[in-house]
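# Summary of the model geometry
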Amino acid sequence: MKVRDHFLMKAWYVAALSSEVNATDLFHRKILGKSVMIYRLADGTAVAMHDRCPHRFAPLSQGRRIGDEVACPYHALRFNAGGKCTHNPHGTGHIPKAAQVDTFAIAERYGFLWIWMDEAEADLSLLPDYSPLDDGPDTGVGYTYMNLPVNYELIIDNVMDLSHIDHVHGEIITTRGKLSPQVPKVAETDRTVSARWEWSQKPAMMIFAPFLPKPEEEARQYFDITWSAPANIQLTVAATQEAEGFDNDINQYDLHTCTPADEFETHYFFATRRNHVEDDAEYNAQKIAGMHAAFEDEDGPLVQAVQAEMGDADFFSLNPVLMSNDVAPVKVRKLLARMIEDETSPSGGLAEAAE
Amino acid sequence: MKVRDHFLMKAWYVAALSSEVNATDLFHRKILGKSVMIYRLADGTAVAMHDRCPHRFAPLSQGRRIGDEVACPYHALRFNAGGKCTHNPHGTGHIPKAAQVDTFAIAERYGFLWIWMDEAEADLSLLPDYSPLDDGPDTGVGYTYMNLPVNYELIIDNVMDLSHIDHVHGEIITTRGKLSPQVPKVAETDRTVSARWEWSQKPAMMIFAPFLPKPEEEARQYFDITWSAPANIQLTVAATQEAEGFDNDINQYDLHTCTPADEFETHYFFATRRNHVEDDAEYNAQKIAGMHAAFEDEDGPLVQAVQAEMGDADFFSLNPVLMSNDVAPVKVRKLLARMIEDETSPSGGLAEAAE
Amino acid sequence: MKVRDHFLMKAWYVAALSSEVNATDLFHRKILGKSVMIYRLADGTAVAMHDRCPHRFAPLSQGRRIGDEVACPYHALRFNAGGKCTHNPHGTGHIPKAAQVDTFAIAERYGFLWIWMDEAEADLSLLPDYSPLDDGPDTGVGYTYMNLPVNYELIIDNVMDLSHIDHVHGEIITTRGKLSPQVPKVAETDRTVSARWEWSQKPAMMIFAPFLPKPEEEARQYFDITWSAPANIQLTVAATQEAEGFDNDINQYDLHTCTPADEFETHYFFATRRNHVEDDAEYNAQKIAGMHAAFEDEDGPLVQAVQAEMGDADFFSLNPVLMSNDVAPVKVRKLLARMIEDETSPSGGLAEAAE
């Protein structure tokens, strides 16, 4: 069985970091197999449309801005932010009815541009709340972007089973073998899967230890992660040396989110907000660079090696040997598959959902 | 529907510039999906054959010339210009009947080597007359070759709708937006489609303006183009400042011709003969370099971007929005498709042709 | 018809030179379409297993050795040399029954690690005897490895028809056109095809001439080659200036053996033992470097050009014109095809074998 090339459509994906789309340029990215152009209107609002002129299929993002409109680079048909053709320099200037580019809703939240790729009306209630990323100074939050030639579900698997940190990552975020013996508590809702690990280690993760009262000593830690459809994982990690509770902990609140370019290429976005050293821009830059490197150098090569081994095969068709640490990622894979089937099956997928 | 991988077979394609095939070397080019070897006999005649030994399929063009014959680089079977095996160094030297390489007719005309790839006898009456390229000194005509990873019909589209010059090209050949409002006159025959634009601009195209009486002033111009099956476009462009007619114009007579390597790669040949500065070799070299650059830097990237968007889809299957400037290229696409169907349909395509 | 992507399974292939797998590292190679990990136990024994963790398909060869066991780089499942999971750091440490990696028998002989990829028990009686490679000092035998992006049968064709040496190779091993007129004696058994050429040339091949009594003079030479299924060719080549027989000849005993990575990529191994200058390490190194270069620079490019011409087509489906020099390679192709059909046909291929 081949890996699925359908994606959950009635959902928000991150199209770009807010900072990737500036005031003037036309931005291109391939999303769910489609070319997408994103740009900002004069008032700063970001808009998105199919990056393909309906005339002869040239990419509009290689064209020219004229105010809030865009002229195709090939024959200069002009389109407004609604994808409607507003100017045809050819012949009588008649504008064919079909000269219309598909547009996609964009919501700008939490430092990201979120895109809704389905034809049905965008449903903002389906965009999860990651407002803690906004709470605090700009120097206390970092963002990064990576592109990986792998199926996005392999990245979700990676993050949903944090026991891999024991084995894959170096000294900076090591969990010293403490996660693997844990069977994380896992909870599931209609569109989410959560897991929590709690443990002690000595010393704490190196990203936290220097900020604890006794950097060399044992600390209590937890990871809380929540996947929300289609491909968002909110992760909180904390450390404390108090006897109980995490009221005065050192922590960070992260978002990992994946957007398929197609079934074999993934845009991977990452944000982290911390409750310590919040006002140091240089520390902030180092922090996000370090986290970027951890993924690029440690998880990334492994996930790519797994992709190479799997080829175009579906994960379950290869009969993986699953263990206690796989509960959360497997629940995610199954829930996501069910949601996609619900969207694509003729009956609306009720039969499958009722299983 | 996928892009067509059949080509018009009973037709002449340019295999190479005359200058590409020298007196001694074996020349290789992939044409209509086939490896072709071209070389010149001692008397200068160019010959072509399948670049594949019938023994073990080594490319003959990597072999050795022996007079007017060619020895295979692998086991030294020798073939004459008619593709007949003339020497077998193995065993008794018996030459198997099947040891025969397919040959292709070559006609050398107008600075090009034209090839006929069909099994049926070559029909010279189907080779269009481009003799004006021969009329004048060598320093008044230029030739160039480009290879592009695109379907050849996208290049024909590009040239058959010259309104793109208004929007794509820079100052040297700009038509200052004057072409797009025109609805070109289009005419069609059994194997040709022609179009003509006539307009005024101020100043004239920069390639002509310096040779007009008043370089800064308004000039009348025209473009005449004729596509001839399968993929030749003859283009004449002129400028004058006389009150009427083009009797004493400044002009150039060009040929653009495309030869599919296969459905996703095209050999693009270009020739230009002008009626001014005909004796200046340096000007000639600059002229052809400039026209090469215009295509390579301006049309080329756009056509490649279009190809990337279209993937392997057929043009019409993507429902292009067509306009008045598309009349000529669409007529070409339809006529060419009909001619190819006529060749490939069992009934000889009479039914389709009768539509 | 497409080139076959089935391989003979009940057979020994060379997985690696003995020297490629050292005492400590985990070695990876793709064999018959499968990722394989090879390493040596503390006692030096080489073992092989599927290079894919049964948990989440990470390559074990990127993991860590723990004594004679290997821990997966991703979640640290540990496997012994028998492919059995011996340690699970997750949850209760329970080891799922299915946590088992497929292993492959390895036999270390004649300077090579031979692998048996079939599920059936390895049959050492099917490993040909190449013990002459072991007879003599280390400085009298050389080994090399090449990787070529071609189907392995094209390399077998190349070696089984040595007449190509007349035409392809340079002065060092040239046979001066003497092989092609020969019709080699060919013999066939259940799993082998042999051929012998005998001839005189002046001077002898350059690799032998300096060691003959009269280096400039005529010498008698022979080639003896025996292909053994699946892809081993033992080749002996000799020269003498005695009146008859080859009792005191100058010779070398070579093994050429191919292992398909898949149907379009081949591991090509080569060994040569000579009966002269046996104690000169520097000469030995030069000798193997020269033979490596001969293949890499002379046969290799040709075989790759043939592969490019053939694409994914089956050899016979292209109707090759076959000659007397093709008898041996054609017998090999047919016998190998019959053996593969015998393995894969439901009836055990008896019907075909009885033809």
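Remember, predicted model here, so these are calculated numbers, not experimental data.

With that settled, consider the pattern of salt bridges. Applying the stated criterion across every chain yields a total of 54 salt bridges over all chains. A salt bridge links Glu20(A) to Arg29(A); its shortest N-O distance comes to 2.8 Å. Accessibility expressed as a relative area gives 7% for Arg29(A), which makes it buried. Look at the salt bridges and you will find they share partners, linking Arg4(A), Glu153(A), Asp157(A), Asp326(A), Arg333(A) and Arg56(C) into a network.

Moving on to unusual backbone geometry. A cis amide bond links Lys202(A) to the next residue, Pro203(A), at an omega of -10 degrees. Looking along the chain, the bond that leaves Ala229(C) and enters Pro230(C) is cis, with omega of 5 degrees. Tracing the sequence through the fold places Pro230(C) in the loop between β14 (219-228) and β15 (232-240). Residue Phe57(B) is not a glycine yet carries a positive backbone phi of 70 degrees. When you line up the elements, Phe57(B) lands in the loop between β4 (46-50) and β5 (64-66).

A word on the UniProt feature "domain: Rieske" (unreviewed entry) in chain A. Mapped onto the present numbering, the UniProt feature "domain: Rieske" (unreviewed entry) falls at residues 12-115 of chain A. Helix makes up 0% of residues 12-115 of chain A and strand 43%, and the two end C-alpha atoms of the span are 5 Å apart.

Moving on, we come to the relation of the copies chain B and chain C. When chain B is brought onto chain C, the operation consists of a screw motion whose angular component is 120 degrees and whose axial shift is 0.1 Å, with 0.1 Å RMSD remaining. Such a combination of turn and shift is consistent with a three-fold rotation axis. Ranked by how close their C-alpha atoms come to the rotation axis, the residues of chain B are headed by Asp312(B), at 12 Å.

Before going further, it helps to spend a moment on helix α3 (residues 281-310) of chain C. Residues and elements named next belong to chain C. Taking 1.5 Å per residue as the helical rise, α3 with its 30 residues ought to reach 44 Å, and the 41 Å between its terminal C-alpha atoms agrees with that figure. A maximum bend of about 40 degrees is found in α3 at Asp299, where proline Pro301 lies one to four positions downstream. Here α3 starts with a cap whose side-chain oxygen sits 3.0 Å from the backbone nitrogen of Glu282, and that cap is Asp280. Looking one or two places after α3, you find Gly311, whose phi comes out positive at around 55 degrees.

So, about helix α4 (residues 327-344) of chain A. All names here are of chain A. Look at α4: 26 Å from first C-alpha to last across 18 residues, which is about the 26 Å you get at 1.5 Å a residue. Looking at α4, one finds that the buried residues are Ala328, Pro329, Val330, Val332, Arg333, Leu335, Leu336, Ala337, Met339 and Ile340. Where α4 is buried, its residues contact α1 (152-160), β12 (185-188), β13 (192-201) and β14 (219-228).

With that out of the way, let us pick up the interface of chain A and chain B. Taken together, the contacts link 23 residues of chain A with 30 residues of chain B. When chain A packs against chain B, close to 2100 Å² is buried across both sides, 59% of that on carbon and sulfur atoms. On the surface where chain A and chain B come into contact, there are three salt bridges. The salt bridge involving Asp157(B) is made with Arg56(A); its shortest N-O contact spans 3.0 Å. Across the chain A-chain B interface, the total number found is 11 residue pairs in polar contact (both at pLDDT 80 or more). Each residue belonging to the side of chain A that touches chain B can be placed in one class, and the counts come to 12 nonpolar, eight polar and three charged.

Rules of the game
- Residues numbered from 1 in each chain as written.
- Chains lettered and ligands numbered in written order.
- Predicted model: local features only at pLDDT ≥ 70, side-chain atom pairs only at ≥ 80, totals over all residues.
- Heavy atoms only, no water.
- Salt bridge = Lys/Arg side-chain N within 4 Å of Asp/Glu carboxyl O.
- Buried < 20%, exposed > 50% of the residue type's maximum accessible area, 1.4 Å probe, protein only.
- Helix = DSSP H or I, 4+ residues; strand = E, 2+ residues; numbered from the N terminus.
- UniProt positions renumbered as here; feature names shortened; annotations may be inferred.
- Least-squares fit on C-alpha atoms with pLDDT ≥ 70 in both.
- Expected span 1.5 Å × (residues − 1).
- Bend = angle between axes of the 7 residues up to and from the residue.
- Polar contact = N/O pair within 3.5 Å; in protein donor to acceptor, adjacent residues only side chain to side chain.
- Contact = heavy atoms within 4.5 Å.
- Buried area = accessible area lost by both parts, 1.4 Å probe.
- Nonpolar A, V, L, I, M, F, W, Y, C, P; charged D, E, K, R; others polar.

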